[in-house]
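# Structural description and commentary
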Amino acid sequence: MRKGTTFTRFIIEDLRKLPEATGDFTLLLSAIVTACKEIADDVSRGQLINVLGSAETENIQGETQKKLDVISNDILIRALEWSGHLGGMASEELEEAYPIPAKFPKGKYLLVFDPLDGSSNTEVNVSIGTIFSILRCPPGVSEPTEEDFLQPGAKQVCAGYVLYGPATNLVLTTGQGVNGFTLDRDIGEFILTHPKLTIPEKTHEFAINMSNQRHWEPAVKRYIDEVVAGKDGPRGRDFNTRWVASMVAEVHRILMRGGIFLYPKDERENVKEGRLRLLYEANPMSFIIEQAGGAASTGRERILSVKPHRLHQRIPVIIGAREEVERVERYHLTMD
Ligand code: AHG
Ligand code: MN
Ligand code: MN
Ligand code: MN
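Note that the structure is predicted; figures quoted are calculated from it, not measured.

### Regarding the overall build of the protein
- Helix and strand counts for the protein stand at 8 helices and 17 strands.
- For the protein, the C-alpha radius of gyration of 19 Å lies close to 20 Å, the compact-globule estimate for 336 residues.
- On the principal axes, the C-alpha backbone points of the protein span a range of 60 × 45 × 45 Å.
- The buried share of the protein, taken over its 336 residues, is 45%.
- A separation threshold of at least 6 residues defines the contact pool for the protein, and within that pool the share at least 24 residues apart is 63%.

Here it is in structure tokens:
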């Protein structure tokens, strides 16, 4: 018999500790994870099954969709719509919230997801992922509208991501710490490999898309100037930089060895509210990062406290090691 706790065992035992835990929630998580295993399989076969390249359609974000954006979105919808656990779903790739078809039973949760994060990397075989967030459907609501999804991140019941890299990792929080799993392809199960993840407070690594430097606000310019100045600058030590262009991969790196990730807003018209999406990128990742002892801020306030006003709302994201995030916040607050 193999050693290690399977994901199935972990969620049954972990959720038993939660007062409101029900079999429903366990089964919902299990259905999400099954969908992600299917996405992992398509991603790993890539060009062999003709899933790379552009779908030549445009999503609500104004982005040209990759074939894998569309495929991953369909896999998640089809794997979950029948389950009876959801009142509705919302996705990066769908303009409006997806109502559960009348032929299926409805449930008490809402699911919000980024089916494929970092999809600019699909053709170059660099890590990509799926991000998801589970909210409660407001009591008595059987046909949720957009408004029902617009809950601050602090209300999330669960957040997670699956990273499709050299190994496939699942990282999850239900508000009681963060745990990481690795897919054992031989038995098709995620195995608990990274229990109780925490982020080191001090860091020497930062992630930001430097090509946007000329557009940043003064506080972000100052922070990056200081870390780039290294041991001769005000920080008195050298920093290292990384940019994968997959938020899932950046957050995973921060959970594994520390660091800070910034996607600030800037002066450009399409980035004036930020680049990343609040409901299915910033909120789930902020919940995970906070639960691992890190911090997540817009630069001016805690991301999880922001009340969303639109499904596809964008927001500035500064997340990772607490001390660094707090420093960037200080710079914003003193330079405003
Ligand atoms: P998505 O592929 O889901 O649209 O998200 C991509 C996001 C995020 O993962 C990454 O941090 C960022 O966009 C990269 O943006 P740039 O191309 O501007 O660096
Ligand atoms: Mn996209
Ligand atoms: Mn994304
Ligand atoms: Mn995406």
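### Focus: the pairing of strand S10 (residues 189-194)
- Pairing geometry for strand S9 (residues 178-184) and S10, over 5 bridges, is antiparallel. Residue Leu183 lies in a different strand from S10, and its bridge partner there is Phe190.
- Following S9, the chain reverses through 4 residues before pairing antiparallel with S10; Gly188 in that reversal takes a positive phi of roughly 70°.

### So, the nonpolar core
- The biggest cluster of nonpolar side chains holds 90 residues, and the ones touching the most others in it are Leu111, Val112, Val251 and Ile288.
- Here the element with the most residues in this core is helix H2 (residues 23-45); it accounts for 10 residues.
- Residues in contact with Ile288, not counting those within four places in the same chain, are Ala159, Val171, Thr173, Val178 and Val251.

### Points about the packing of H2 against helix H3 (residues 67-80)
- Relative to each other, H2 and H3 sit at 150°, their axes nearing to 9 Å. The orientation of H2 relative to H3 falls into the category roughly antiparallel. Between H2 and H3 the crossing geometry is right-handed. Contacts from Ala31, Ile32, Thr34, Ala35, Glu38, Ile39, Asp42 and Val43 of H2 reach H3 at Leu68, Ile71, Ser72, Ile75, Leu76, Ala79 and Leu80.

Calculation notes
Residues numbered from 1 in each chain as written. Chains lettered and ligands numbered in written order. Predicted model: local features only at pLDDT ≥ 70, side-chain atom pairs only at ≥ 80, totals over all residues. Helix = DSSP H or I, 4+ residues; strand = E, 2+ residues; numbered from the N terminus. Rg over C-alpha atoms; globule rule 2.2 N^0.38 Å. Buried ≥ 20, exposed ≤ 12 C-beta atoms within 10 Å, placed from the backbone. Contact = placed C-beta atoms within 7 Å. Pairing = 2+ DSSP bridges. Core = buried A, V, L, I, M, F, W, Y, C linked by C-beta atoms within 7 Å. Axes fitted to C-alpha atoms, helices over the stretch in contact; angles between N-to-C directions. Parallel < 35°, antiparallel > 145°, perpendicular 65-115°, else oblique. Left-handed = near helix turned anticlockwise from the far one by under 90°.

Without other data, these values stay purely geometric and don't point to any function.
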